[in-house]
Amino acid sequence: MRTLQYYFDCYGTGIAYNGCGLIEFLRVKVVAFKIGLLGLGTVGAGTAEILLSPDGRHPLLQELEIYRVGVRDISRTRSLQLPENVLTTDLEAIATDPEIDIVVELIGGLEPARSLILQAIASGKHVVTANKAVIARYGNEIFEAANNKGVYVMLEAAVGGGIPVIQSLKQSLGANRIQTLTGIVNGTTNYILTRMQTEGADFAEVLADAQQLGYAEADPTADVDGLDAADKIAILASLAFGGRIKLADVHCEGIRKVSAADINYADKLGFVIKLLAIAQETSRRNGEQAQGESELLSIRVHPSFVPKTHPLASVNGVYNAILVEGEPIGQLMLYGRGAGAGPTASAVVSDIMNVAAILKTETVPIPHPLLSCSHQHYCKIAPMQELVTRFYARFLTRDTPGVIGKLGTCFGNHKVSLESIVQTGIHDDLAEIVVVTQDVREGNFQQALDEIRAMEAVHSIASTLRVL
Ligand SMILES: NC(=O)C1=CN([C@@H]2O[C@H](COP(=O)(O)OP(=O)(O)OC[C@H]3O[C@@H](n4cnc5c(N)ncnc54)[C@H](OP(=O)(O)O)[C@@H]3O)[C@@H](O)[C@H]2O)C=CC1
Ligand SMILES: N[C@@H](CC=O)C(=O)O
Ligand code: NA
């Protein structure tokens, strides 16, 4: 019997010595790390595609093997050619399989995703996930379990799709004091708003396209109502400001109320409408901040008027961007595709590679201080009434004399200064009046609106949107 001894270089090229000194050159796949993939949908299939075609990419990819793939319906026709016997519907068996090194959770939703992640951790596996919903809700439980077990939970794909924003906040920007994050972090809504703005397209039709393109969540209300963006800004804020965020503290409004009329007015006034996710340190008012007390954080998701000259105004379609402001970096904008198979899979695979690289180089796994999460305290959140911002408002009023004056006086009484106020036309006996304020306290603006709503001359407040 001939025994061969193999020596491999990092590219997987092997040199084999047999007993007679004969040298054979082989091209062999060196498998060092076994991947258990949970989910083979948009992102799962994109991830498998990269892992199955390592040529021309980083050599570390040659050392990764898709060992098992868990799906719901094994009989579904798949465009991917996977090795035999890899597919299974037993996801728990993957999460606990002693052969598997890294579990990649790409099924989405809360359960069974959360339980599978926890099972994988308990079984000593490193986890890579794209699931912002689970991390924003159960991050504390998951990271605590991971720290206790000495494993990593990586989530680059969970925010901004292919944009390396998590890695940037954890590592590259670690030297900074972050002051503000302003992001377009939901691809579906940015795609919808862009097409409504540029083509006057119908909301429902564009949403169906976003679903078809694989951008939307299984339940697209998470996108449309701002919940997905809220999950994402909670995750980013936690990294940027070094504390836990309770999801209930994130003020959240979606894009359902954005009408064609508002899009039109925005354009005329020099703005575009974007769904923004913002986390910003705000000083306490009137020197209320005691020594040693941390700043308050304003954290919110809502559609906003964005000046056409602002860098975020030209982020269109499925593209996302996160504008980071910090000291000493100043302004920095990360831009790229925020959803879709390829870009998201790029982030998933880079996380897998990061874990594989650590496993290759560390003999005793100790939590890497820049990759693991150790926050214990919760960030203090500023109430929305204290937010200082500009507003746009559109009123439908009865065409009675002096109505503009009445609105102006009411705003003045509540310390709301106006930048502009215009009457734009009369439809169905109602005059349309559009107002843009200067920076005002949100609480004061809302009080003025309550009074205006009750005015005899005012038919309705058609819309209000914050202005960046
Ligand atoms: N789509 C995108 O652009 C992005 C998605 N994400 C996140 O990535 C994750 C995956 O999203 P996406 O790929 O779009 O989702 P899909 O709905 O396209 O795919 C989900 C996959 O998981 C499987 N699956 C779902 N539930 C179960 C279950 N209970 N048991 C077994 N298998 C299950 C499905 O199986 P089957 O194939 O048999 O139906 C399918 O393969 C989500 O957390 C999402 O938020 C993050 C960034 C971007
Ligand atoms: N549904 C999400 C997918 C990526 O996170 C989005 O549209 O951004
Ligand atoms: Na990302």
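Since the model is a prediction, treat every value here as computed from it, not as a measurement.

Enquirer: Outline the nonpolar core, listing residues and values.
Expert: Within soluble globular proteins, side chains that are nonpolar tend to cluster in buried spots. Counting residues in each nonpolar core, the largest one holds 79 residues, and the members touching the most others are Val165, Leu181, Leu236 and Phe241. Sorting elements by how many residues they give to this core places helix H9 (residues 227-241) first, with 9 residues. Sequence-distant contacts of Leu181, that is, excluding residues within four places in its chain, are made with Leu169, Ile233, Leu236, Ala237, Ala240, Phe241, Ala277, Ile278, Ala279, Ile322, Leu323 and Val324. Counting residues in hydrophobic clusters, the runner-up holds 36 residues, among them Leu37, Val71, Ala130 and Ile358.

Enquirer: Requested: an account of the site of ligand 2, with residues and values cited.
Expert: Taken together, 13 residues sit near ligand 2, with Lys132, Gly187, Thr188, Asp223 and Lys232 positioned nearest. Taking Asn186, its side chain carries an N or O atom lying 3.5 Å from an oxygen atom of ligand 2. Within the side chain of Glu217, a nitrogen or oxygen atom sits 2.7 Å from a nitrogen atom of ligand 2. Compared with its free state, where it exposes 250 Å², ligand 2 has 93% of that area covered by protein. Only helix H6 (187-199) and H9 provide two or more residues apiece to the shell around ligand 2.

Enquirer: Run through the site of ligand 1, naming residues and quoting values.
Expert: Near ligand 1 there are 24 residues, and of these Leu40, Asp73, Arg78, Glu217 and Gly340 occur at the shortest range. Asp73 places a polar main-chain atom, nitrogen or oxygen, 2.8 Å from an oxygen atom of ligand 1. With respect to ligand 1, the backbone of Gly214 contributes an N or O atom lying 2.9 Å from a nitrogen atom. For the shell around ligand 1, the per-class residue count stands at 10 nonpolar, 8 polar and 6 charged.

Enquirer: I'd like a rundown of helix H10 (residues 260-269), residues and numbers included.
Expert: Buried residues of H10: Asp262, Ile263, Tyr265 and Ala266, and no others. The buried residues of H10 occupy one face: seen down the axis, they fall within an arc of 165 degrees. More than 90 degrees from the buried face of H10, the exposed residues found are Ala260 and Lys268. Directly beyond the C-terminal end of H10, a positive phi value near 95 degrees is found at Gly270.

Calculation rules
Residues numbered from 1 in each chain as written. Chains lettered and ligands numbered in written order. Predicted model: local features only at pLDDT ≥ 70, side-chain atom pairs only at ≥ 80, totals over all residues. Heavy atoms only, no water. Core = buried A, V, L, I, M, F, W, Y, C linked by side-chain atoms within 4.5 Å. Buried < 20%, exposed > 50% of the residue type's maximum accessible area, 1.4 Å probe, protein only. Helix = DSSP H or I, 4+ residues; strand = E, 2+ residues; numbered from the N terminus. Contact = heavy atoms within 4.5 Å. Near = heavy atom within 4 Å. Polar contact = N/O pair within 3.5 Å; in protein donor to acceptor, adjacent residues only side chain to side chain. Areas by Shrake-Rupley, 256 points an atom, 1.4 Å probe, with all protein chains shown as cover. Nonpolar A, V, L, I, M, F, W, Y, C, P; charged D, E, K, R; others polar. Arc of directions from axis to C-beta.

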